[in-house]
Amino acid sequence: MLCHDNEKSALIQFKQGFSIDAAASTNPTAYPKTLSWKSTGNGSDCCIWDGVECDQHSSRVVGLDLSSSFLDGSIPHNSSLFELVHLQSLNLSDNNFRYSLQLPSRFDLGHNNLDGGIPYSIGKLSRLTHLGLSDNFLIGKVPVSLTNLTQLSYLNLAKNSLVGEVPSLTNLTTMIVLDLQKNLLHGSIRGFIPGQSKNLGILSLSLNNFVGPVDFEAFLGYRNLQWLDLSNIDLIMPTSTSHNNDSNNYYPQFVSLILEGCNLVRFPDFLHNQTRLAFLMLGNNRIQGLVPAPPPSLVIYDMGVNELRGEIPTTICNATSLQILRLSFNRLSGRIPLCLIDLSNHMTYLDLGYNLLRGIIPETFTSSCKLKVIELGNNQLQGGVPRSLANCTSLVILVMSYNNINDTFPIWLSTLPSLLGLDLLGNKLHGPLSVQFRLGFPKLRELLLSQNQFTGEISNEFFNDLYGMHKSSQTSPPVEITVPLFLLGVDMSTTVIFGFIQSQIDKDLKNVGLSKILDIDIFSTSTVIYGFIKTRNEKDLKNIGISTSLPVVIDLSNNNLVGKIPDSIGNLGGLIAVDLFGNSFTGSIPSSFLNLSDLEYLDLSRNLLSGEIPQQLSELTFLNVFNVSYNRLTGHIPKGSQFNTFGKDSFMGNPGLCGFPLDNKCGNPEVQTAPAGITDKEEEYSSSSSVIDWVVRSMGYLSGLVVGIIIGHIITNENHEWFVETFGQRQRKKRSRHQRK
């Protein structure tokens, strides 16, 4: 492998900055090593040049020895030498450099694959003002020598595996940004925070092992503090907003405050006096009482996973810039306020799941609706699926599972152009699934209708019209993907103080692997910028750990469906999981299942299916779960491939079946006929059995600078452990180092 062009160019440029003078070196063995460096033709591979050492696997320049090379000249502060970012050793001794080397003031190697420890010698870079080593694989302790960098204003060591206590940084009085989140650091935080830095604007210490409790009043002296993230650190909050007359002892006006998992029991009183607060995330605490009225300036309000009770107050609607609202996993009751739906003309995420909300979902979504995620699952909501939801053309995820929704299949949602996940399981939906769709759910990938009261036969058109599940729709043409910037792990810390321009955001996104950006949908409040990116380059997103799509799943289990399983299900070539458990389907198993080459999960148990299992199903090489128990099937169980891995439980309750893994050997004259129905014992088994419950929902919380949605969450039990293992492995393989940290 030849050396990399950018490193060859940097070396040639470095060479051109010097002249060759035999008097420049005193060593009698000296010679002009750079004379062998050729930019073109034979000998242009920089890895074979004198004085250059390359890594044998990556061909990156890792060593440069130009000692005693007759070099005469100076090394400027912007020397191309600093572009050799993989350099591990450098020897320039015994030359004539007439001016001292001016070391750079900014040193940023974030978002790379650096490993090992931070060298102690970094403390010798006394002019350094900006040190960024975030998002690497660095280990070991934070070197004490960092305290020598007295001009440092920016220190970002986030998303590594650094351990131990942080050395005292109290003498770094010019510090503006300090980001240590997502490491393995421990000890007290009071001992190292720059105590005299009046300019400290961003402090992020979340997701470490720092000991608490920490008195929050310790941060009152930082008058310019705007972005504070102390998630997962136990805090002691003041009981009132009173303070003495000392000008240093008042609360900063925060722009972003992230205190998730801090063991809070009360809503901090001082927040009522915040006038610039845009991001407020207090999820995963034990905050009690009514839902606090948010500051009007809020853009993100996360109070999920607390102990809030009572009704959702209409004062929440005073936050007219609200984009993301998460109140899930509380004890909220009453109805959904009408004014909250009015906020949908600019709100993108609404998560009210896992509460005690009741009443009818308001029918007031207008054509200006901007919602992308609606999570209302696990409440006591009644009525129908609002027809006006058809106005929410940006909707990606809709979750209304486990309520008391009484309606027919919401065909009016089929026109939504971006809908990926529709979760209506556990309601009172009824009627047939024989409808035809106007536009056929063009992007739908998860349809969860389990535990309802659907009846009748499924028409061929029902499956045919689920266009988003056809394999062709997932490969061509390329889809436009919209992902929140927060999910990307992009370092937006400088946004608060310095701001970003469009070109800078483009550059930062490219630095984390996004090469083709169609558009960036930017929102701003005060000096904070956030938004969504759009790209057609799905591969780039996956390379940095962003899953752009849900697994393709149909779950119609536990309904009252009858008749044959339509052959048209085989047209949905993108399907990964199909669950038809607990219905009254008759006839044979469609051989068209063979067309589902990506199928991993197929549950047809607890039906009235008859005939033989199609032998061709053994060709489904990805099939990991197969269950046809308690039907009326007969004949030979297919052999080979995945069928050799299925246990008896997959076939029990079909006395007419024979062959491995059952004890019934094919050709046994005592083989019984199929049962007429489910026995009492079998019914007992049925009641204790489980079905797939893939809940697509907006979680609305990730600590630090990350706010986003988690979709495709799996709820299961021991009968579906394969889902946890298989899809867990799949997601782990897709994750980038951002998410591993």
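Residues numbered from 1 in each chain as written. Predicted model: local features only at pLDDT ≥ 70, side-chain atom pairs only at ≥ 80, totals over all residues. Heavy atoms only, no water.

This brings us to the overall build of the protein. Helix and strand counts for the protein come out as nine helices and 49 strands. Across the 741 residues that make up the protein, the buried fraction comes to 54%. Considering only intrachain contacts with a sequence separation of at least 6, the fraction spanning at least 24 residues in the protein is 57%. (Helix = DSSP H or I, 4+ residues; strand = E, 2+ residues; numbered from the N terminus. Buried < 20%, exposed > 50% of the residue type's maximum accessible area, 1.4 Å probe, protein only. Contact = heavy atoms within 4.5 Å.)

Once that is clear, we can look at the state of the cysteines. Under the criterion given, the structure shown has five disulfides. Covalent S-S linkage joins C317 and C339, the inter-sulfur distance amounting to 2.0 Å. The disulfide joining C317 to C339 has a torsion of about 70° about its S-S bond and is therefore right-handed. Of this pair, C317 sits in the loop between β24 (307-311) and β25 (324-326) while C339 sits in helix α2 (residues 338-342); the two residues are 22 residues apart in sequence, bridging distant segments of the chain. The side chain of C369 participates in a disulfide bridge whose partner is C392; the two sulfur atoms lie 2.3 Å from each other. Every disulfide takes its handedness from the sign of the S-S torsion; for C369 and C392 that torsion is 95°, giving right-handed. In this pair, C369 sits in the loop between β28 (358-360) and β29 (373-375) while C392 sits in the loop between β30 (380-382) and β31 (397-399), placing the two residues 23 residues apart along the sequence. Disulfide partners in the protein, listed by the sequence order of the bonded cysteines, are 1-2, 3-4, 5-6, 7-8, 9-10. (Disulfide = S-S within 2.5 Å.)

Another aspect to go through is the environment of Y402. Mapped onto the fold, Y402 is located in the loop between β31 and β32 (421-423). Considering only alpha carbons, one finds Y402 and N452, 50 residues apart in sequence, at a separation of 9.7 Å. Reaching out from Y402, the side chain makes a polar contact with the side chain of Q451 at a distance of 3.2 Å. (Polar contact = N/O pair within 3.5 Å; in protein donor to acceptor, adjacent residues only side chain to side chain.)

Let us look at the sheet that holds strand β1 (residues 18-20). Taking strand neighbours across the sheet as the criterion, the three strands line up as β1-β4-β6 in an open arrangement whose pairing is mixed. Of all the strands in the sheet, just β1 and β6 (96-97) have a single pairing partner and so form its edges. Pairing analysis gives three bridges linking β1 to strand β4 (residues 71-73), with the strands arranged antiparallel. When the sheet's bridge partners are listed, F18 is paired in β4 with G73. (Pairing = 2+ DSSP bridges.)

Right, let's get into the pairing of β24. The side chains of a regular strand alternate between both faces of the sheet. Pairing of strand β22 (residues 288-289) with β24 involves two bridges; the strand directions are parallel. Each residue of the ladder has a partner; that of G289, found in β24, is L308.

Turning to the confidence of the model for the protein, a few remarks are in order. Mean pLDDT over the protein: 77, with 76% of residues reaching 70 or higher. Scored below 50 in pLDDT, residues 241-249 makes 12 contacts in the model with residues more than four places away or belonging to other chains. Contacts of residues 671-741 to residues separated by more than four positions or lying in other chains number 188 contacts, the stretch itself having pLDDT below 50. (pLDDT = per-residue confidence, 0-100.)

This part takes up the pattern of salt bridges. Using the criterion set out here, one finds seven salt bridges in the structure. In this structure, D65 and K33 form a salt bridge, with 3.8 Å as the shortest nitrogen-oxygen distance. Note that D65 is positioned in strand β3 (residues 61-65) and K33 in the loop between β1 and β2 (52-54), a separation of 32 residues in sequence. Here D351 ties to R326 by a salt bridge, and the two come within 3.9 Å at their closest N and O atoms. Of the two residues, D351 is situated in strand β27 (residues 349-351) and R326 in strand β25; the sequence distance between them amounts to 25 residues. For the pair shown, D351 and R326 are each scored as buried. Here the salt bridges share partners, and the residues they tie into one network are D302, R326 and D351. (Salt bridge = Lys/Arg side-chain N within 4 Å of Asp/Glu carboxyl O.)

Nonpolar side chains tend to gather and get buried jointly when the protein is soluble and globular. Among the nonpolar cores identified, the biggest contains 138 residues, and F216 and F219 are the most heavily contacted of them. Elements supplying a minimum of two residues to this core: α2 and α3 (460-464). Setting aside chain neighbours within four positions, we find F219 in contact with I189, I193, L203, V214, L225, L228, L230 and P252. (Core = buried A, V, L, I, M, F, W, Y, C linked by side-chain atoms within 4.5 Å.)

This brings us to unusual backbone geometry. Looking along the chain, the bond that leaves G212 and enters P213 is cis, with omega of 0°. Backbone torsion omega between F660 and P661 reads 10°, so that peptide bond is classified as cis. One can find P661 in the loop between β47 (656-658) and α7 (680-688). Located in the positive-phi region is Y402, a residue other than glycine, with phi close to 55°. Despite not being glycine, Q451 shows a phi value in the positive range, around 60°. Here Q451 is to be found in the loop between β34 (446-448) and β35 (453-457).

This part takes up the sheet that holds β2. The sheet built from three strands is open, its strands ordered β2-β3-β5 with mixed pairing. With one partner strand each, in any of the chains shown, β2 and β5 (89-91) form the two edges of the open sheet. For this sheet the average axis-to-axis angle between neighbouring strands, irrespective of direction, equals 20°. Pairing of β2 with β3, which is carried by three bridges, proceeds in the antiparallel orientation. Residue pairing for β3: E53 is matched across the bridge by G63. (Axes fitted to C-alpha atoms, helices over the stretch in contact; angles between N-to-C directions.)

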